[in-house]
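This is what each chain is made of:
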Amino acid sequence: MKITEYIKNNILYLDGGMGTLLQARGLRAGELPEIWNMTHSDIIKDIHKGYYDAGSNVVNTNTFGANTLKFSPEELDNIVKAAINNARNAAEESLGAQPKWVALDIGPTGRMLKPYGDLDFEDAVAVFAETVKLGVKYGADLIMIETMNDSYETKAALLAAKENSELPVFVSNAYGEDGKLMTGASPAAMVAMLEGMGADAIGANCSLGPRALRGVIEEYLRYASVPVLLKPNAGLPKAVDGKTVYDVGAEEFSEEIQALVGSGVSIVGGCCGTTPEYISATVRATADIKPLKREKKKGTLISSYTHALEFGNEPILIGERINPTGKKRFKEALKAHDIDYILQEGIAQQEKGVHVLDVNVGLPDIDEIEMLKQAVCQLQAIIDLPLQIDTSDPVAMEAALRRYNGKAMINSVNGKKESMEAVFPLAKKYGGLVVALTLDERGIPETAEERLEIAKNILSVAESYGIEKKDLIFDPLALTVSADKKAALETMRAVKLIKDSLGCHTSLGISNVSFGLPARDAVNGTFFALTLAQGLSAAIMNPYSYEMMKVYYSYRALSGIDDNCADYISFASSLQENVTKVEEKISAPLEAEYSSELQRAIIKGLKEKAAELTSVLLDNIDPLEIVQREIIPALDMVGVGFENKTVYLPGLLMSAEAAKAAFEVIKSKMTTDTGADKCSFVIATVKGDIHDIGKNIVKLILENYGFAVSDLGRDVPPEDIVAETVRLHAPIVGLSALMTTTVPAMEETIRLLRSKAPWCKIVVGGAVLNQEYSDAIGADKYAKDAMAAVRYADQINREIKEK
């Protein structure tokens, strides 16, 4: 039986942890676990067999870190072959009577993708693809993508799996205590993207215990139509007598899993700290539970890299200003490849309150494919709004969808056969909410009933591609009322017909209705209000229009959406007398919290703008004054936002890059070095660990705060860290580790530092650490994130200066 059929009517049991069991069987600090597939195959097979004997249906191969960034092609081939053979042999030798499958295990690369890191998206896809191909070659039954803490890398891995195999693919992400991925994605955002791309099961693993992951899993269950999986840790780790142990026992673990299975989770196992005992207890606790029948969720979702947006709860505003039509300055920016202009337009619309940005860069004089791809990537680097990708070129559409981090709106398809044949395969592969125009080979029908018939045909064709009704939003087309007095009425009728007859959402380009008329804003606003009354779901509109925003906030207040009319009151109080100017774009005012344009540029992550403004300021202001009054306060504001969970990691990194651009301008204009003015800080990822994302983030932020950072890289032996600390007489050392198997190397490094460099303070961080664990291995400070490390370094630097 295929595993995808089995999980329709059965609980599927996965395996438990591998790293802690390998340590118990002799894996040394810094030793690569994947090599054991060949050098200690008997031990690996025995661990797998233990899980099968405990009741696991699926075991993951010992290939978590097996990729071409870590191993040569020949080594990788041998590792994957041996790993699958070990698991297959264990399944055959196990006496368990349950159905058994072998999953090719794929973990993160350990590197952050551009623009926040140095690994290109397509390079990441290629890395994962090589492992996937070998998994197919040597007979894996399914692919398990797990412990991903970045939505973009998750997409790269899933894309590689889908493009290079026909195997079922399960995808599991690692969430923090705030219920988000490291780069900010919510569970709903991951559901939207992963279901859209065709994952067969999705869920969460690692990081936390089952109770702490309950909120994450409940959000998955609320939005997901595919099976939901859970592989939590055995609680939190701590060091006891030099060994890593966890604070949730097998019985408590199984009781928590039992409750979540009762709520709808249908695929369960364990991660760090769990053993065959945990799996056996879980099988016993859930043996009599029949999996809940999964229902197809009807919610229409799109997503960015941070959040999902659901249609139907309230009107969705789609900003229309990133479009060259009728905009001379925008056309000039496109021809000059002025991406910064596009970014500022996006930020300005975000500040005006839109929910989605339409992105159209179609111009005959440019390479639309490359420009659209760049615009989408760079907008997503600094803005967390979902995007509507707007192009009539299927090649440009695919280039943008492939790079999009999330589930985008696709603008558009229509009822013409060639249009549907071009767009629907892209929507099926990459996921997306398709904007469907109610026109076909005969043109735009006059009546609402004819437009409804086109919508029905589009729905039928979409279904043949496997695209559900919830992933289509219909645009019944607003035509100019100056040319046909009944045009607006038919469009409004079509909105209501499509909603009532088909149960589908609708979107309109509002401003088309007033073309050729004076005082267009007044007509647009009234038309917007009338269409909202007919059930319009979304509007492509000008957020600088007072009339449009007035209607939006008034409608929300009158419809009972706006609690205590708070948003309307805030909108009304912010109005100025001159806001009633018709069809005039008002430059977005500087928000109250920014004391200058440079601070705003840094906070928003505008590198080019920050450099330009810094250059201007240097004509009249002392460089150090710019640093102290502009750059550092801006970084502090972003840092506080990050600590308060109002700014996510990508925003923190892009702000740091903008500050770095400003610093570079200051350095270039000065005759003396204005570099690091604070103490030295040695930083490294410990021996055996190649994951340096966290370390690189801390380094970037520290350098912007003026610390002299000596970055030793990843997989660094304790002796090298000590030698550099002694050479610099560095007062602070930062150590990072992602994997359970490399924490002993961190502990060994700390012991050596205490002996050879007793003056230094040691700060540690990484996904497997917590305060108790940090204390147990002798660190001075546990930093839960980059800003915690920076705050601690600032404290130590102040203490040094005060001595």
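Here we summarise the structure given alongside this text. (Residues numbered from 1 in each chain as written. Predicted model: local features only at pLDDT ≥ 70, side-chain atom pairs only at ≥ 80, totals over all residues. Heavy atoms only, no water.)

As a further point, take the overall build of the protein chain. Counting its regular elements, the protein chain contains 30 helices and 25 strands. The C-alpha atoms of the protein chain give 28 Å as radius of gyration, which agrees with the globular expectation for 803 residues (28 Å, within 12%). Buried residues in the protein chain amount to 59% of all 803 residues. Once local pairs closer than 6 in sequence are excluded, the contacts in the protein chain between residues at least 24 apart make up 76%. For the protein chain, the exposed area adds up to about 31,400 Å²; of that, 49% sits on carbon and sulfur atoms. In the protein chain, the 85 positive side-chain charges and the 111 negative ones have mean positions that sit 2 Å from each other. (Helix = DSSP H or I, 4+ residues; strand = E, 2+ residues; numbered from the N terminus. Rg over C-alpha atoms; globule rule 2.2 N^0.38 Å. Buried < 20%, exposed > 50% of the residue type's maximum accessible area, 1.4 Å probe, protein only. Contact = heavy atoms within 4.5 Å. Areas by Shrake-Rupley, 256 points an atom, 1.4 Å probe, with all protein chains shown as cover. Lys, Arg positive; Asp, Glu negative; His and termini not counted. Charge placed at Lys NZ, Arg CZ, Asp CG, Glu CD.)

Moving on to the packing of helix α27 (residues 718-728) against helix α28 (residues 743-756). Close contact between α27 and α28 brings their axes to 9 Å; oriented N to C, the two are set at 35°. For the element pair α27 and α28, the recorded crossing hand is right-handed. When α27 is examined against α28, the residues Pro 718, Glu 719, Ile 721, Val 722, Thr 725 and Val 726 are found in contact with a partner set consisting of Ala 745, Glu 748, Thr 749, Leu 752, Leu 753 and Lys 756. For the contact of α27 with α28, a count of residues per class yields 7 nonpolar, 2 polar and 3 charged. (Axes fitted to C-alpha atoms, helices over the stretch in contact; angles between N-to-C directions. Left-handed = near helix turned anticlockwise from the far one by under 90°. Nonpolar A, V, L, I, M, F, W, Y, C, P; charged D, E, K, R; others polar.)

Along the chain, the position of Ser 266 falls in the loop between α10 (250-263) and β10 (267-268). Setting aside residues up to four positions removed in sequence, Ser 266 forms contacts with Asn 10, Ile 11, Leu 12, Pro 227, Val 228 and Arg 294.

Attention shifts here to empty space enclosed by the protein. For the structure shown, the criterion picks out 1 cavity of 30 Å³ or more. Roughly 40 Å³ of internal volume is contained in the largest cavity. Lining the largest cavity, in full, are Thr 63, Phe 64, Gly 65, Ala 66, Asn 67, Asp 105, Ile 106, Gly 107, Phe 128 and Thr 131. For the lining of the largest cavity, the residue count by class is 4 nonpolar, 5 polar and 1 charged. (1 Å grid on protein atoms, 1.4 Å probe; cavity = no way out; pocket = protein on both sides within 12 Å on 5 of 7 lines; lining within 4 Å. Points joined across faces, edges and corners; volume = space filled by probe spheres on them.)

The periodicity of an α-helix, 3.6 residues per turn, causes residues three or four positions apart to be oriented the same way. Given a rise of 1.5 Å per residue, 16 residues ought to cover 22 Å, and the 22 Å separating the end C-alpha atoms of helix α18 (residues 487-502) matches this to within 8%. Regarding α18, the residues found buried are Ala 487, Ala 488, Glu 490, Thr 491, Met 492, Ala 494, Val 495, Ile 498 and Leu 502. (Expected span 1.5 Å × (residues − 1).)

Taken in spatial order, the 8 strands of this open sheet run β1-β10-β7-β6-β5-β4-β3-β2, and their pairing is parallel. Each end of this open sheet is capped by a strand with a single partner; those strands are β1 (12-13) and β2 (58-60). Across the face of the sheet, helix α4 (residues 41-54) comes into contact with β2 and β3 (101-106) while running at roughly 155° to β2. (Pairing = 2+ DSSP bridges.)

Another aspect to go through is the side chain of Asn 414. Structurally, Asn 414 is set in strand β16 (residues 409-414). The class for Asn 414 is buried, based on a relative accessible area of 14%. Only 2.8 Å separates the side chain of Asn 414 from the backbone nitrogen of Lys 416, close enough to count as a polar contact. The residues touching Asn 414, leaving out its near neighbours within four places in the chain, are Ser 419, Met 420, Leu 437, Leu 439 and Ile 458. (Polar contact = N/O pair within 3.5 Å; in protein donor to acceptor, adjacent residues only side chain to side chain.)

Turning our attention to helix α24 (residues 623-643). The end-to-end C-alpha separation of α24 is 29 Å, in line with the 30 Å expected for 21 residues at 1.5 Å each. Of all the bends in α24, the greatest reaches close to 25° and is centred on Ile 631; the proline Pro 633 follows between one and four positions later. Restricting attention to buried positions, one finds in α24 the residues Pro 623, Ile 626, Val 627, Glu 630, Ile 631, Ile 632, Ala 634, Leu 635, Val 638, Gly 639, Gly 641 and Phe 642. Its buried side turned inward, α24 meets α22 (597-604), α23 (607-617), α25 (649-668), α26 (693-704) and α30 (786-802). (Bend = angle between axes of the 7 residues up to and from the residue.)

A few words on the nonpolar core. Generally speaking, a soluble globular protein has its nonpolar side chains buried in company with each other. Grouped together as the largest cluster of nonpolar side chains are 199 residues, with contacts concentrated most on Ile 145, Phe 528 and Ile 631. When neighbours within four sequence positions are excluded, Ile 631 is seen to be in contact with Ile 602, Ile 626, Ala 659, Ala 662, Phe 663 and Ile 666. By size, the runner-up hydrophobic cluster in this structure holds 25 residues, among which are Ala 684, Ala 757, Ile 762 and Val 764. (Core = buried A, V, L, I, M, F, W, Y, C linked by side-chain atoms within 4.5 Å.)

What follows is about unusual backbone geometry. A cis amide bond, omega 10°, links Lys 114 with the succeeding residue Pro 115. For the bond from Asn 411 to Ser 412, the omega torsion is 20°, close enough to zero to count as cis. Take Ser 412: it is sitting in strand β16. Even without a glycine there, the phi angle at Ser 207 is positive, about 70°.

Before going further, it helps to spend a moment on the pairing of β3. Most of β3 is tucked away, with 6 of its 6 residues classed as buried. Alternating residues of β3 divide into Trp 101, Ala 103 and Asp 105 and Val 102, Leu 104 and Ile 106, and every residue in both groups is buried. Where β2 meets β3, 3 bridges bridge the pair, whose relative direction is parallel. When the bridges of β3 are listed, Asn 60 appears paired with Ala 103. With 4 bridges connecting them, β3 and strand β4 (residues 142-148) associate as parallel partners. Considered in β4, the bridge of Leu 104 is made with Ile 143. Assessed by its sense of winding, the connection that carries the chain from β3 through helix α6 (residues 121-137) to β4 is right-handed. (Right-handed = clockwise from strand over helix to strand, strands pointing away.)

Attention now goes to a negative patch on the surface. A surface patch of like charges, here negative, comprises Asp 247, Glu 252, Glu 255, Glu 772 and Asp 775. Elements with a contribution of two residues or more to the negative patch: α10 and α29 (771-776). Examined against the element boundaries, Asp 247 turns out to sit in the loop between β9 (243-246) and α10. Of the residues examined, Asp 247 reaches a relative accessible area of 41% and is grouped as partly exposed. (Patch = residues over 30% accessible without salt bridge, like charges linked within 9 Å, V, L, I, M, F, W, Y side chains within 5 Å. Salt bridge = Lys/Arg side-chain N within 4 Å of Asp/Glu carboxyl O.)

The subject of this paragraph is the packing of α24 against α30. Two numbers describe how α24 lies on α30: the axes approach to 9 Å, and their chain directions differ by 125°. Considering their axes alone, α24 and α30 lie oblique with respect to each other. Viewed along their axes, α24 and α30 form a crossing whose handedness is left-handed. Across the interface between the two elements, Asp 636, Gly 639, Val 640, Phe 642 and Glu 643 from α24 touch Ala 786, Met 787 and Arg 791 from α30. Residue classes in the contact of α24 with α30 are distributed as 4 nonpolar, 1 polar and 3 charged. (Parallel < 35°, antiparallel > 145°, perpendicular 65-115°, else oblique.)

Let us now look at the packing of aromatic side chains. For any pair of aromatic rings, the description rests on two quantities: the centre-to-centre distance and the angle between the ring planes. On inspection of all chains with the given rule, the structure shows 8 aromatic pairs. Ring geometry for Tyr 175 against Tyr 220: centres 6.1 Å apart, planes inclined by 85°, an arrangement best described as edge-to-face. Of this pair, Tyr 175 sits in the loop between β5 (169-173) and α8 (187-196) while Tyr 220 sits in helix α9 (residues 214-223), placing them 45 residues apart in sequence. Exposure remark for Tyr 175: the relative accessible area of 1% places this residue in the buried category. Relative accessible area serves as the criterion here: at 0%, Tyr 220 is assigned to the buried category. Here a set of aromatic residues connected by ring pairs shows up, and it is made of Tyr 552, Tyr 553 and Phe 571. (Phe/Tyr/Trp six-rings, centres within 6.5 Å; stacked < 30°, edge-to-face > 60°.)

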